[in-house]
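Fold and contact review
Read off the chains here:
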Amino acid sequence: MIDREQVHKVALLARLELSPEEEAQFTTQLGSIIDYFAQLSELDVTDVPPTTRAIDVSNVTRKDELQPYGEREAILTGAPDQEGDFFKVPQILSAE
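Residues numbered from 1 in each chain as written. Predicted model: local features only at pLDDT ≥ 70, side-chain atom pairs only at ≥ 80, totals over all residues. Heavy atoms only, no water.

1. Structural notes on unusual backbone geometry
Just so we agree on the cut-off: Note on conventions: DSSP H or I runs of at least 4 residues are helices, E runs of at least 2 residues are strands, and numbering of each starts at the N terminus. Burial classes follow relative accessibility: with a 1.4 Å probe on protein chains only, a residue under 20% of its type's maximum area counts as buried, one over 50% as exposed, and anything between as partly exposed.
Positive phi, normally seen in glycine, also occurs at R15, with a value near 55 degrees. As for its position among the elements, R15 is in the loop between α1 (4-13) and α2 (20-41). Since its relative accessible area comes to 76%, R15 is described here as exposed.

2. Looking at the side chain of T27
Where we set the bar: It only takes one pair of heavy atoms within 4.5 Å for two residues to be counted as in contact.
The topology assignment puts T27 in helix α2. Those residues in contact with T27, other than ones at most four positions away along the chain, are I2, D3, R4 and V7.

3. Some details on the packing of α1 against α2
Operational definition: Note on geometry: axes are lines fitted to C-alpha atoms, helical ones only across the stretch in contact, with angles between N-to-C directions running from 0 to 180 degrees. In this scheme, roughly parallel covers angles under 35 degrees and roughly antiparallel covers those over 145, while 65 to 115 is roughly perpendicular and the rest are oblique. By the convention adopted, Pro, Cys, Tyr, Trp, Phe, Met, Ile, Leu, Val and Ala count as nonpolar, Lys, Arg, Asp and Glu as charged, and the other residues, Gly among them, as polar.
Following both chains from N to C, one finds α1 and α2 inclined at 105 degrees, their axes separated by 9 Å at the closest point. Considering their axes alone, α1 and α2 lie roughly perpendicular with respect to each other. Here α1 contributes R4, V7 and H8 to the contact with α2, which in turn contributes P20, E21, E23, A24, F26, T27 and L30. Residues that form the contact of α1 with α2 fall into these classes: five nonpolar, two polar and three charged.

The quantities given are spatial measurements derived from coordinates; they are silent on function.
As structure tokens, this is what we get:
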């Protein structure tokens, strides 16, 4: 069972300022949560496979296919700066 001193210590570590009434409330609530986990730990789960979800979920994805974009000029006109048929960007690495 969790006591009020432990709740106060956790609140201090979490940098929470709790009133005495809140400490009493959290002591009761956290105690109930810990009791519930104690009940769960009594279950035999040796034949239960570990899962990340309660139900199977699979993503529906499409194949990524390369398709040329027909309006090259439209893309280049949206660029802040261009040089010929290319985007011009600031140099970030020195040639040393």
